[in-house]
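Working through the structure, step by step
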Amino acid sequence: MSNQNEKSSAALRKFRLSHHPHRPTVQYYIENIFDDFIEMHGDRTFGDDKAIVTGIALLDNTPVTVIGNIRGNGIEENVECNFAMAHPEGYRKALRQMRLAEKFSRPIITFVDTPGAYCGVAAEERGQGQAIADNLYNMMALSVPIISVITGEGGSGGALGIACANRLFMLENSTFSVISPRGCASILWKDPEREADAAEMLKITADELLKLNIISGIIPEPDGGAQNDPLLTAKSIKSTIVENLMQLMQLSRDQLRLQRYAAIRRIGIYNDAKRTDNQEKKGLLHND
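To keep things clear, this report deals only with the structure shown in the data block. (Residues numbered from 1 in each chain as written. Predicted model: local features only at pLDDT ≥ 70, side-chain atom pairs only at ≥ 80, totals over all residues. Heavy atoms only, no water.)

Structural notes on helix α9 (residues 195–202)
Just so we agree on the cut-off: Summary of the burial criterion: residues with accessible area below 20% of their type's maximum are buried, those above 50% are exposed, and those between are partly exposed, where the area comes from a 1.4 Å probe applied to protein chains only. Each helix corresponds to a stretch of at least 4 residues labelled H or I by DSSP, and each strand to a stretch of at least 2 residues labelled E; elements are numbered beginning at the N terminus.
Buried residues of α9: E195, A196, A198, A199 and E200, and no others. Once α9 finishes, K203 follows within two positions and takes phi at roughly 55°, a positive value.

Shown next as structure tokens:
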């Protein structure tokens, strides 16, 4: 096996591990990280989306707003929460709680675990794209600290809709990508069996994304994955959140906004070895 195939197989193994049926869900993390969690329902426009949970809680006596994607335990729960694929009302519910967090100066903690936003007809009719865009736009203007943790799969704009953060962390075996490896292979090569090659090309793992400066850090997992010691994983997540929240709370409102904006802008920075001086002078290729 070539080195490239070894790497791609490792990336695909992590992608599959992020979908482990016994991997801890956001409900478990909320229960074991925060105190006195009170769930908030509905978007005040259409209804309550069970794919996203929102509420307020205490983090070591600090009031915070908590938002997360819900995956179920077993097929029935997954069907009920639409396999963590949110509808527009889910994103509007999240945004409503973010605005309340801004009003009452509460830090925002989000947990990301979704293959992406739901792309059904009903979701499109109710403005799926607009709802996600509104979240991205408004999160850039919030003046409270935002910390996001990708606990399983962070898929496409559906994940980014609650992950525009000052600090973005990933669990060791989580993934973050615009598309699944199998979906990418199906589009690029018309061959879903090449998902291992796609996983390598997409740079979906935490270590690759840290090298690219897209995430702020990696939270370690027990050997074999978070499901082997969920409580230890929750403690690691909590210590990371607490440490970084203390740092962020020392920043001014303007500094928080600018830092968050810069973090998102970094995702689009790239180097093109084939660029020419003439192209650069004409502004055809740039790195801002």
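Observations concerning the packing of helix α8 (residues 181–188) against α9
As a reminder of what qualifies: Axis geometry follows a simple rule: fit a line to the C-alpha atoms, using only the stretch in contact for helices, then measure angles between N-to-C directions, giving values from 0 to 180 degrees. Here the angle decides the label: under 35 degrees means roughly parallel, over 145 means roughly antiparallel, 65 to 115 means roughly perpendicular, and every other value means oblique. Working rule for contacts: check all heavy atoms of both residues, and any pair within 4.5 Å makes them a contact. We call Asp, Glu, Lys and Arg charged. Ala, Val, Leu, Ile, Met, Phe, Trp, Tyr, Cys and Pro are nonpolar, and the rest, Gly among them, are polar.
Taken N-terminus to C-terminus, the directions of α8 and α9 make an angle of 105°; their axes are 8 Å apart at the nearest point. In terms of orientation, α8 lies roughly perpendicular with respect to α9. Contacts between α8 and α9 involve P181, R182, C184, A185 and L188 on the former and, on the latter, E195, A198, A199, M201 and L202. By residue class, the composition of the contact of α8 with α9 is eight nonpolar, no polar and two charged.

Considerations on the pairing of strand β5 (residues 146–155)
This is how it is decided: Pairs of strands are assigned from DSSP output, requiring at least two bridges between the strands.
Within β5, ten of the ten residues are buried, leaving the element largely enclosed by the surrounding structure. Examined bridge by bridge, β5 and strand β7 (residues 175–177) share three bridges and lie parallel to one another. Residue pairing for β7: E153 is matched across the bridge by T175.

Re the pairing of strand β6 (residues 167–171)
Counting buried positions along β6 yields five of five residues, so the element is predominantly enclosed. The alternating pattern of β6 places R167, F169 and L171 and L168 and M170 on opposite faces, both of which are buried. Bridge count between β5 and β6: four bridges; the pairing is parallel. Along β6, the bridge assignment pairs V149 with F169. Note that β6 and strand β8 (residues 217–219) share three bridges and pair parallel. Within the sheet, the bridge partner assigned to F169 lies in β8 and is G217.

Section: helix α2 (residues 26–33)
The condition that has to hold: Here the arc refers to the set of directions running from the helix axis out to each C-beta atom.
Every buried residue belonging to α2 is among V26, Y29, I30 and I33, and all of these are buried. Projected down its long axis, α2 shows its buried positions confined to an angular sector of 100°, all on one face.

Here's the deal with the pattern of salt bridges
To be explicit about the condition: Each salt bridge in this description consists of a side-chain nitrogen of Lys or Arg and a carboxyl oxygen of Asp or Glu lying within 4 Å of one another.
Applying the stated criterion across every chain, the model contains 14 salt bridges. A salt bridge links R16 to E195, with the nearest nitrogen and oxygen atoms 2.9 Å apart. Of the two residues, R16 is situated in helix α1 (residues 3–17) and E195 in helix α9; the sequence distance between them amounts to 179 residues. By relative accessible area, which is 11% here, E195 ends up buried. As a salt-bridge pair, R194 and D197 come within 3.2 Å of each other at their nearest N and O atoms. Overall, the relative accessible area of 33% leaves R194 in the partly exposed class. Using a relative accessible area of 22% as the deciding quantity, one classes D197 as partly exposed. Through salt bridges that share partners, R16, R182, E193 and E195 make up one connected network.

Here's the deal with the packing of helix α4 (residues 88–103) against helix α6 (residues 128–141)
Our working definition: Handedness of a helix crossing follows the sense of rotation of the near helix relative to the far helix, less than a right angle counterclockwise being left-handed and clockwise being right-handed.
Packing of α4 against α6 brings their axes to within 8 Å, and their N-to-C directions diverge by 20°. Taken together, the axes of α4 and α6 are roughly parallel relative to one another. Once α4 is placed against α6, the crossing between them reads as left-handed. Here α4 contributes P88, Y91, R92, A94, L95, M98, R99 and E102 to the contact with α6, which in turn contributes Q128, A131, I132, D134, N135, N138, M139 and A141. Taken together, the residues of the contact of α4 with α6 sort by class into nine nonpolar, three polar and four charged.

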